[in-house]
Amino acid sequence: MAASSWRTAFLSLRDETLTTPPQPLPRLLDDLIFLHFNSLLSAASLLPPHELTSDCVFLLDLVAKSDCIPVSLHACQFIHDVCLRKQLQINSSSWTLLLDSFANLLDFLLRQPTHSPNSTSQLSRIKPVIQSLETLRRLAGSCHGKNALVENTHLIKFLLRVISLLHQDLVLLYGMSNQRSTVDLGKKLPKQSSLWDAFCLAFDMLGQSFSMSEALFPVDVSQSATEVLRKVMDVLVSKGQLVEDYLMSRFYSSLLHCLHLVLTDIKCPFSDHVSSFVAALRMFFCYGITGPPHHFHSDVRKDNKLCEMPSTSVSGTREDAKDSPYRPPHLRKRDGLKTKPSSAWDRQGPGAHDSGSIDVTSSDSDLSDSDGSTRDSYSSEGSKVRVAAIVCIQNLCRADPKSFTTQWMSLLPTSDVLKPRKFEATLMTCLLFDPHLKVRIASASAIAAMMDGPSSIFLQVAEYKESMKYGSFMPLSNSLGLILMQLHTGILHLIHCDNHGRLLTSLFKILLLLISNTPYSRMPGDLLLKVIISLHARIKEGFPLKNDQTGLLVSAISCLTAAFSTSPPQTKVRDMLLDEISAGLVEVEGKSGVLFTLFQFAKQFSNTPTCVEALQVLRAIAHNYPTLVSACWECVSALVYKLLDSAIMEVSPAQKAPVRDSVRQIGDKVIAMAIKVLDECLRAISGFKGTEDLLEDRLSDTPFTSDCIRSKKVSSAPSYGFVNPEYAQESNFQAGSDHWSEAISKHIPLVLHHDSAMVRGASVTCFAGITSSVFVSLKTHEKDFITSSIITAALHDKAPSVRSAACRAIGVISCFQEASGSAEFHENFILAVEANTRDPLISVRITSSWALANICDSLRYCVSDESFQGSNKSIQYLDMLIECALRLTEDGDKVKANAVRALGSLSRYVKFARVKSVDPEASNACARDSSWLERTVQAFLSCVTTGNVKVQWNVCHALSNLFSNKTIELQEMDWSPTVFSILLLLLRDASNFKIRIQAAAALAVPAAPLDYGWSFVDVVKGVEHALESLSSDKDSRLENLKYKTALEKQLTSTMLHLLSLLPSCHSQALIDFLVKRAGFLEEWLRKLSVSVDETENPSGSRSDSGGRQKKELISRAIEALATSLGPEMAPKLQKLRF
């Protein structure tokens, strides 16, 4: 019977809506539905879900079109109560219809005028909003199917529409509070929670919807959500104050959590909103700190009426807080709350909180506060708001790190970091002084996020000037310098004072990023030294909790690694290390230096993490402060030998296989790191600076380009430079042969055939750090040991990483002129390298191709060797090199670049059979036919069109070598015009200036116009055009700006060379071109002459040899140009001569 009453009512309703004329809808709904409210609700649970859903959707759609307030209120209540009793069966179409109907209904209700936030009309407007949202939240989980994304998008748009309507009430509410009294603002807000409940429900649903699939939402949806939330926050902070009570705390938490979920993985551009969000979020940093309400009432509903909420206070007021700060439950029980400490912001100094002396991880959870006092409960609510605000700051930073860098000045302090701030709090204020651990950890995470990413580049402009007095304007570089100083002070202070494991972990992470990003050369000279001393003191002090001790110790030591790895190395740090070494690396009266402590930790083989990290620091010291290594070599040698010996003894055959494998794996890490320390020390003592005699960035050796050669920093080479000129000349190293002999006889044989590929690879890598002076000074059996070891590893080791390391060592040693004079020496290397160029792994092919190129370059030392020039085996190996290099030009770009370099080196000194005149220097080389040369040039042309920037650069360099081979008659080669056209094209259009430089250098190699063939005129025109257009080139990319001067000088050198060849060229087309460009050439030569005059020695004497050579080149070019242009231009040009 109950179900039939429902069906009768809704059938009648459908029929009556179709009659003409229809009855008034309010009366009709009252008579059929709302007067039978309870009986229909009872019948709802007996109906099938699809029928119930159809009727409810029909009713809601009908009411949404009625524009009647009572009907709308009853309809929302009815649908809400029906859904409490029976789950509706929602599909995509009914879901869309529901959302549209609710949207129209709520839009009508919320646009009704209201005069007071506490009036009955206000409550009647908000209650249906809450009911509608609760209904949709209950239905949302069941309706999402295959079209979940579309349905979720519709729900988000509906929620944004509702929040926008509620926002109008918020604007009206805050607009009525024009008074200046900060406390009165809270009194003007509604005493009932309806509006805030509606907001909280909408925010929760919006955040949940975004958390489901934000990355898939259309950009306009994310953009709309960002704008709506920004408008809400702008209203809340418009008075410069926040209301502090339980109701508003829950509202703020809901809003901020929603913002957090919206900003997580957001895809739309929102850089325009960053500054507004940051300004608003900063106001929450001290929320809930000033004190709780004086009384508390639970926010519960009684008899469908909302109870009044407690009295309010406002965040930021200056009244002294009289209540105690937050105390975790176990500390409250201990203290009995007999004392009444001052406010947390007024404590004597930072770090004076609970976690400074004892681990209170469990006491700061939400559940642990449930048994506390009113003050503690309120404090917990306030801390949630602060955490949510700080998390949003972190979201903003990660979402748009580039634009977020502009907010550093507002979020981080520039002074007095250790003084508490009640106003204008920063993230460091929260980190240092907040009484809640979660807030401090959130602050640490936000600061770490700010220090990561683009800030590493952004902070390089930072500069600290202690004597500088700033007015109203402070340059960005100085502001950043002050911020970095305050960060160092605050973080080091907390590391010294705090003992909480989770917080210390975050602090060490911040410090690691801070050390890595700070330009210490532009900061106070003792800043890095203070960091090292502070870290060393904390490491010596230790950490009280055993479960965190190893992890925290590793984190602290890793910060030392970063400190000793900073570039350029700092003189005061060097002095500290030198003083300790001079004192003997001993502990005196319980006091020890950094090196002594590191050696002690490194000896603890049983504690693998700390042992490995300590070895890493020693390696960093050897790399960055190499001049100190020889003084402590004995300690390093003894340490490495002890670790190698201990690791081998640690693995006992009697152990079970799983245990033995685990012990071996841990031991392998220690052994590998110990070998790397040994390797770094040997490189430092030997003066290793990278591969010898292979300067990839060298230009043509001319007076104009010789001063533009850029020294290339090799990452594997120790750093020998110091900021202090006093140490700038400390680059005279002893040969280091004794140290190498000790390593060869004592250390390396222990691990060269180790079971672990990681250990074998580290051992073989040592040989890649030897220098030619050391190698030559070694005994014969030591040299044989090195060469046989790397050849055996390259040919027979099963691990690709070991073979790759062996190929690198071959590439280094093959460059030694003293060692590469023997043909037999190269034969073994060629076989090993060629075999590895066929390896399936690209990493092995890259290293082996690099070694191949070095071997091809070093063969020039032995082309005059009688044992090489006529040997069939030598010819066979040469053919092998050629075929191997040609094959590799079809590999990936990194391999291709090395292959092109190898072919370029071979084409420079290999003699060709088809010659008319043989150069004496090439007469002893193996004569070859030109067939492989054709294939080589075709490979160059293919690589220049398909390769990357590095490949193109190597093609230009290879063509320079090809042009230098005097046995090649360029004018008779069919490919010659194409090659010159390619070089001119690169000179004109290449986006990378280094390619243009090398193309211009290659065009200057041919010694006569005949060598250019028919391309000489085109080359002169192309170089002149490039020189003329260089002044108007507006390329502002940093990678090109630093090479622009070098490009200009190379073009100058090339143009002077071409002009000097003009008398040997009889081309009317060229003369006509020069006549047209005579004005530019005359002005260019005049400026060039003036610049050379200005660089003469100040004493007034004639310039040095470089200056004289420049004047000779200019004079020769002027004379040649004057001769070619005829008597009309000759007088003007002759005036430019020196």
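The shown structure was predicted, so the numbers you read here are calculated from the model rather than taken from an experiment.

Novice: I would appreciate a short explanation of the overall build of the chain in the present structure.
Specialist: The number of helices and strands found in the chain is 51 helices and six strands. Restricting to contacts in the chain with at least 6 residues of sequence separation, those with at least 24 account for 77%.

Novice: Honestly, the side chain of T889 in this entry has me stumped. Any pointers?
Specialist: Relative to the helices and strands, T889 resides in the loop between helix 38 (872-888) and helix 39 (893-909). T889 gets classed as buried once you look at its relative accessible area, which sits at 9%. The contact partners of T889, leaving out residues within four places of it in the chain, are K896, A899, L903, A939 and C943.

Novice: Which parts of the structure should I look at to understand the environment of D434?
Specialist: One can find D434 in the loop between helix 18 (427-433) and helix 19 (437-451). C-alpha separation for the pair D434 and I289, spaced 145 residues apart in sequence, amounts to 8.3 Å. Here the side chain of D434 touches R386 through a polar contact of 2.6 Å, side chain to side chain.

Novice: Can you help me understand helix 4 (residues 49-64) in this one?
Specialist: Structurally, the α-helix is built with 3.6 residues per turn, so residues lying three or four positions apart point the same way. Here helix 4 spans 22 Å end to end across 16 residues, near enough to the 22 Å set by a 1.5 Å rise per residue. Counting buried positions along helix 4 gives twelve out of 16 residues, so the element sits mostly inside the fold. Those residues of helix 4 lying buried are E51, L52, T53, D55, C56, V57, F58, L59, L60, L62, V63 and A64.

Novice: Where do I start with the side chain of S558 in this structure?
Specialist: For S558, the location among the structural elements is in helix 24 (residues 546-565). Look at S558 and you get buried, because its relative accessible area is 19%. A polar side-chain atom of S558 sits 2.6 Å from the main-chain carbonyl oxygen of S555. Once residues within four sequence positions are removed from consideration, S558 is found in contact with L512 and E613.

Novice: How should I be thinking about a nonpolar patch on the surface in this particular structure?
Specialist: Taken together, M409, V461 and L476 make up a surface patch of nonpolar side chains, about 230 Å² in accessible area. V461 gets classed as partly exposed once you look at its relative accessible area, which sits at 38%.

Novice: I keep staring at the confidence of the model for the chain and nothing clicks. Help me out?
Specialist: Any residue range with low pLDDT should be treated as having predicted coordinates unsuitable for detailed reading. Looking at the chain as a whole, its pLDDT mean stands at 80, while 77% of the residues score no less than 70. Ranking the elements of the chain by mean pLDDT puts strand 3 (residues 305-306) last, at 34, and helix 34 (residues 800-813) first, at 95. The low-confidence segment residues 651-660 (pLDDT under 50) makes eight contacts with residues lying over four places distant or belonging to another chain.

Novice: Honestly, the pattern of salt bridges in this entry has me stumped. Any pointers?
Specialist: Close approach of charged atoms allows side chains of opposite charge to pair. Enumeration according to the criterion identifies 29 salt bridges in this entry. Its salt-bridge partner being D526, residue K530 comes within 3.5 Å of it at the nearest N-O pair. On the basis of relative accessible area, D526 is assigned to the partly exposed category, the value being 27%. We note a salt bridge from E834 to R887, for which the minimum N-O separation is 3.5 Å. With E834 in helix 35 (residues 823-836) and R887 in helix 38, this residue pair connects regions lying 53 residues apart in the sequence.

Novice: Explain helix 48 (residues 1068-1076) here, please?
Specialist: Taken together, the buried positions of helix 48 are L1070, F1073 and L1074. Each buried residue of helix 48 sits inside an arc of 95 degrees when the element is viewed along its axis, so together they form one side. For helix 48, the exposed residues set more than 90 degrees away from the buried face come down to Q1068 and K1076.

Novice: Hey, could you run me through the packing of aromatic side chains in this one?
Specialist: A full pass over the atoms with the stated rule returns 20 aromatic pairs. Aromatic side chains Y252 and F284 sit 5.3 Å apart centroid to centroid with 80 degrees between the ring planes, which places their arrangement in the edge-to-face category. Within this pair, whereas Y252 is found in helix 12 (residues 246-263), its partner F284 is found in the loop between helix 13 (271-282) and strand 2 (301-302), the two being separated by 32 residues in sequence. Looking at Y252, the relative accessible area reads 0%, which means it is buried. One aromatic cluster is present, built from ring pairs that chain together W196, F199, F203, F251, Y252, F284 and Y287. Seen from the ring of Y641, K746 lies directly overhead, with NZ or CZ sitting 5.1 Å from the centre. Positioned over the ring face of W850 is R808, at 4.5 Å from the centre of the ring.

Novice: Is there a simple way to think about unusual backbone geometry in this case?
Specialist: Most peptide bonds take the trans form, and the phi angle of most residues other than glycine is negative. Cis geometry marks the peptide bond from S567 to P568; its omega dihedral reads 0 degrees. Here P568 shows up in the loop between helix 24 and helix 25 (571-583). With phi around 50 degrees, D416 is a residue other than glycine that occupies positive phi space. Assignment of secondary structure puts D416 in the loop between helix 17 (408-411) and helix 18. Phi at L585 takes a positive value of approximately 50 degrees, unusual for a residue other than glycine. Mapped onto the elements of the fold, L585 is located in the loop between helix 25 and helix 26 (594-602).

Novice: Explain the environment of S1064 here, please?
Specialist: Structurally, S1064 can be placed in the loop between helix 47 (1044-1060) and helix 48. Remark: the alpha-carbon pair of S1064 and S1124, spanning 60 residues in sequence, is separated by 9.7 Å.

Novice: Is there a simple way to explain the packing of helix 42 (residues 976-989) against helix 45 (residues 1016-1030) in this structure?
Specialist: When two helices pack together, you describe them by how their axes are tilted relative to each other and by the distance separating the axes. Following both chains from N to C, one finds helix 42 and helix 45 inclined at 10 degrees, their axes separated by 10 Å at the closest point. Taken together, the axes of helix 42 and helix 45 are roughly parallel relative to one another. When helix 42 is examined against helix 45, the residues F980, L984 and L987 are found in contact with a partner set consisting of D1018, V1019, G1022, V1023 and A1026. Tallied by class, residues from the contact of helix 42 with helix 45 come to six nonpolar, one polar and one charged.

Novice: Any chance you could explain the packing of helix 11 (residues 219-236) against helix 12 here in plain terms?
Specialist: Close contact between helix 11 and helix 12 brings their axes to 11 Å; oriented N to C, the two are set at 150 degrees. One element, helix 11, and the other, helix 12, form an angle in the roughly antiparallel class. In this structure, helix 11 meets helix 12 at a crossing whose hand is left-handed. Where helix 11 abuts helix 12, its residues A225, T226, L229, V232, M233 and L236 lie against F251, Y252, L255, L256, C258, L259 and V262. Taken together, the residues of the contact of helix 11 with helix 12 break down into twelve nonpolar, one polar and no charged.

Scoring rules and cut-offs
- Residues numbered from 1 in each chain as written.
- Predicted model: local features only at pLDDT ≥ 70, side-chain atom pairs only at ≥ 80, totals over all residues.
- Heavy atoms only, no water.
- Helix = DSSP H or I, 4+ residues; strand = E, 2+ residues; numbered from the N terminus.
- Contact = heavy atoms within 4.5 Å.
- Buried < 20%, exposed > 50% of the residue type's maximum accessible area, 1.4 Å probe, protein only.
- Polar contact = N/O pair within 3.5 Å; in protein donor to acceptor, adjacent residues only side chain to side chain.
- Expected span 1.5 Å × (residues − 1).
- Patch = residues over 30% accessible without salt bridge, like charges linked within 9 Å, V, L, I, M, F, W, Y side chains within 5 Å.
- Areas by Shrake-Rupley, 256 points an atom, 1.4 Å probe, with all protein chains shown as cover.
- Salt bridge = Lys/Arg side-chain N within 4 Å of Asp/Glu carboxyl O.
- pLDDT = per-residue confidence, 0-100.
- Arc of directions from axis to C-beta.
- Phe/Tyr/Trp six-rings, centres within 6.5 Å; stacked < 30°, edge-to-face > 60°.
- Lys NZ or Arg CZ within 6 Å of the ring centre and 35° of its normal.
- Axes fitted to C-alpha atoms, helices over the stretch in contact; angles between N-to-C directions.
- Parallel < 35°, antiparallel > 145°, perpendicular 65-115°, else oblique.
- Nonpolar A, V, L, I, M, F, W, Y, C, P; charged D, E, K, R; others polar.
- Left-handed = near helix turned anticlockwise from the far one by under 90°.

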